[in-house]
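Secondary and tertiary structure notes
Here's the letter readout for the chains.
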Amino acid sequence: MNKVLTSILMVFAFMLTVPVASAVAEGMPEGKMDVPELAPFKYAPASFDHDPHNEKAGLEDDCTACHHGSQDGMKVQEYDEELPCADCHTVKKKKGVTPLRRAFHLQCITCHEKQNKGPVQCKSCHQPEK
């Protein structure tokens, strides 16, 4: 019984990885940054077109300007595209780890303020669909 259940679970897990691997291979999706872990939303999900944004900001070849990875639970400046942000940045506050929503906001707003470019007000990024 356990072998059958294990086999079924392995097939199911494989089926789930195919769409994820395809999305990673194609790059970040454009449009709404819908992060279901953060629901319910106070505002609409942020509108963010990854590739056009990075081209305009001159970041096409520097993923670490925004992304980082971790090694043994410690932040490192090496981007790991297979490690989703929510794997380390949990929705609920966890000692020593920036919560997910705050990590997104700090990353975007801090850069916009430093560069004196880009939106810093909530409704500038979080616009409901028309």
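Considerations on the overall build of the chain
A tally of regular secondary structure across the chain gives four helices and two strands. Helices (α) and strands (β) of the chain occur, in sequence order from the N terminus, as α-α-β-β-α-α. By residue count, 12% of the 130 residues in the chain fall in the buried class. In the chain, of all internal contacts separated by at least 6 residues, the share reaching a separation of at least 24 is 31%. Carbon together with sulfur atoms contributes 58% to the accessible area of the chain, which is approximately 10,800 Å² in total.

Here's the deal with the state of the cysteines
Taken as a whole and judged by the stated rule, the model has zero disulfides. Between Cys108, a free cysteine, and Cys125, which holds the nearest cysteine sulfur, the sulfur-to-sulfur gap is 6.7 Å. Unpaired in this structure, Cys122 has its nearest cysteine sulfur neighbour in Cys125, at a distance of 8.8 Å. Classification of Cys122 as partly exposed rests on a relative accessible area of 42%.

Some points on unusual backbone geometry
Note: most residues except glycine have negative phi, and most peptide bonds are trans. Of note, the amide linkage connecting Ala39 to Pro40 takes the cis form, showing an omega dihedral of 0°. Within the element layout of this structure, Pro40 appears in the loop between α1 (2-26) and α2 (50-57). For Asn116, which is not glycine, the phi dihedral falls at a positive 55°. Within the secondary structure layout, Asn116 lies in the loop between α3 (100-115) and α4 (122-125).

Looking at the environment of Lys92
Along the chain, the position of Lys92 falls in the loop between β2 (74-76) and α3. For the pair Lys92 and Leu38, spaced 54 residues apart in the sequence, the C-alpha separation amounts to 9.6 Å.

Things to note about α3
The terminal C-alpha atoms of α3 lie 23 Å apart, and with 16 residues this matches the ideal 22 Å at 1.5 Å per residue to within 8%. Among the residues of α3, those classed as buried are Leu100, Ala103 and His112. Those residues of α3 that are buried lie in contact with α2. Backbone geometry just after α3 places Asn116 at a positive phi near 55°.

Let's talk about the confidence of the model for the chain
In the predicted model, the chain carries a mean pLDDT of 75, and the fraction of residues at 70 or more is 69%. By mean pLDDT, α1 is the weakest element of the chain at 45, and α3 is the strongest at 92. Segment residues 11-28: pLDDT under 50, and two contacts once partners within four positions in sequence are set aside and those in other chains are kept.

So, a negative patch on the surface
A cluster of acidic side chains, namely Asp49, Asp51, Glu55, Glu60, Asp61 and Asp62, defines a negative patch on the protein surface. Mapped onto the elements, Asp62 comes out in the loop between α2 and β1 (69-71).

Considering the environment of Arg101
The topology assignment puts Arg101 in helix α3. Taking C-alpha positions, Arg101 is 9.4 Å from Glu37, a pair spaced 64 residues apart along the chain. Sequence-distant contacts of Arg101, defined by excluding residues within four places in its chain, comprise Leu38 and Pro40. A polar atom in the side chain of Arg101 sits 2.8 Å from the backbone oxygen of Leu38.

Rules behind the numbers
Residues numbered from 1 in each chain as written. Predicted model: local features only at pLDDT ≥ 70, side-chain atom pairs only at ≥ 80, totals over all residues. Heavy atoms only, no water. Helix = DSSP H or I, 4+ residues; strand = E, 2+ residues; numbered from the N terminus. Buried < 20%, exposed > 50% of the residue type's maximum accessible area, 1.4 Å probe, protein only. Contact = heavy atoms within 4.5 Å. Areas by Shrake-Rupley, 256 points an atom, 1.4 Å probe, with all protein chains shown as cover. Disulfide = S-S within 2.5 Å. Expected span 1.5 Å × (residues − 1). pLDDT = per-residue confidence, 0-100. Patch = residues over 30% accessible without salt bridge, like charges linked within 9 Å, V, L, I, M, F, W, Y side chains within 5 Å. Salt bridge = Lys/Arg side-chain N within 4 Å of Asp/Glu carboxyl O. Lys, Arg positive; Asp, Glu negative; His and termini not counted. Charge placed at Lys NZ, Arg CZ, Asp CG, Glu CD. Polar contact = N/O pair within 3.5 Å; in protein donor to acceptor, adjacent residues only side chain to side chain.

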